[in-house]
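Examination of the molecular architecture
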Amino acid sequence: MTRPAVTAGQLYRDLAPDMKNRDRRLRVISVGDVRAELVVEHDLGGLAGKRAPVSLNRLRSTAFELLEDPAEHDPLYLALLAAISDVHRAGATPADYARAALHVHRTGK
């Protein structure tokens with residue numbers, strides 16, 4: 001399964017053995033080339049509000065579970081997903097997908 005790109009606003013659960021019982025959840029506040037800066041939103045037995053740098057490779061691994069991705073609720077994202085679904089078929093070309101995306105970009109629907 002392909003994991004989505006790490007972007008600001010996403011919420012992750014830390015699945016490390018020493019963190020799992022604490023239900024530690026962290027929100028991405030910025031993304032660099034190799035690391036993301038996160039802030040602890042929930043941590044039983046820890047400090048909420050603490051910043052934590054995490055490598056992008058680690059965030060994309062099974063050490064973290066993506067709980068919330070704001071892109072999934074963005075109306076433009078949903079319109080783009082629908083447009084791509086409309087053109088997806090055997091024999092679809094990259095140009096078909098690009099035209100669908102460009103139409104959504106220009107019209108917002």
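Residue numbers run consecutively from 1 along every chain, following the written order of its sequence. pLDDT decides what is reported in this predicted model: residues at 70 or higher carry local features, side-chain atom pairs at 80 or more are listed and counted, and totals for whole chains, interfaces and linings draw on all residues regardless. To obtain the side-chain values, all non-hydrogen atoms of the structure were used and water was disregarded.

Examining helix H4 (residues 94–107)
Because an α-helix packs 3.6 residues into every turn, residues spaced three or four apart end up facing the same way. Here H4 spans 20 Å end to end across 14 residues, near enough to the 20 Å set by a 1.5 Å rise per residue. Contacts between residues were defined by any pair of non-hydrogen atoms, one from each residue, lying within 4.5 Å. For the purposes of this entry, the term helix denotes a DSSP run of H or I that reaches at least four residues, the term strand denotes a run of E that reaches at least two, and both are numbered from the N terminus. On its buried face, H4 is in contact with helix H3 (75–87). Of the residues flanking the end of H4, it is Gly108, one or two places downstream, whose phi is positive at about 80°. Take the number of residues in a helix, subtract one, and multiply by 1.5 Å to get its expected span.

Quick notes on the packing of H3 against H4
For the pair H3 and H4, the least separation of the axes is 9 Å and the interaxial angle reads 150°. Judged by the twist between their axes, the crossing of H3 over H4 is right-handed. For the pair H3 and H4, contact is made by Leu76, Ala79, Leu80, Ala83, Ile84 and Val87 and by Asp96, Tyr97, Ala100, Ala101 and Val104, respectively. Under this grouping Gly is polar, as are all residues other than the nonpolar Ala, Val, Leu, Ile, Met, Phe, Trp, Tyr, Cys and Pro and the charged Asp, Glu, Lys and Arg. Counted by class, the contact of H3 with H4 contains ten nonpolar, no polar and one charged residues. Axis definition: a line fitted to C-alpha atoms, over the contacting stretch in the case of helices. Angles run 0 to 180 degrees between N-to-C directions. For any helix crossing, the convention is left-handed if the near helix is rotated counterclockwise from the far helix by under a right angle, and right-handed if that rotation is clockwise.

Concerning the pattern of salt bridges
Here the idea is simple: oppositely charged side chains can pair when their charged atoms come close. Here a salt bridge means any side-chain nitrogen of Lys or Arg lying within 4 Å of a carboxyl oxygen belonging to Asp or Glu. Evaluated as defined, the whole model comprises ten salt bridges. Here Arg24 makes a salt bridge to Asp14, at a shortest N to O gap of 3.1 Å. Of this pair, Arg24 sits in the loop between helix H1 (17–20) and strand S2 (25–31) while Asp14 is found in strand S1 (residues 11–14), placing the two residues ten residues apart along the sequence. Residue classification places Arg24 among the buried residues on the basis of a relative accessible area of 13%. As a salt-bridge pair, Arg24 and Asp43 come within 3.6 Å of each other at their nearest N and O atoms. Separated by 19 residues along the polypeptide, Arg24 in the loop between H1 and S2 and Asp43 in the loop between strand S3 (35–42) and strand S4 (51–55) bring together distant segments of the chain. The same class applies to Arg24 and to Asp43, which are both buried. One continuous salt-bridge network, built from bridges that share partners, spans Arg13, Asp23, Arg25 and Glu65. Here the term buried applies to any residue with accessible area under 20% of the maximum for its type, exposed to any over 50%, and partly exposed to those in between, with areas from a 1.4 Å probe on protein chains only.

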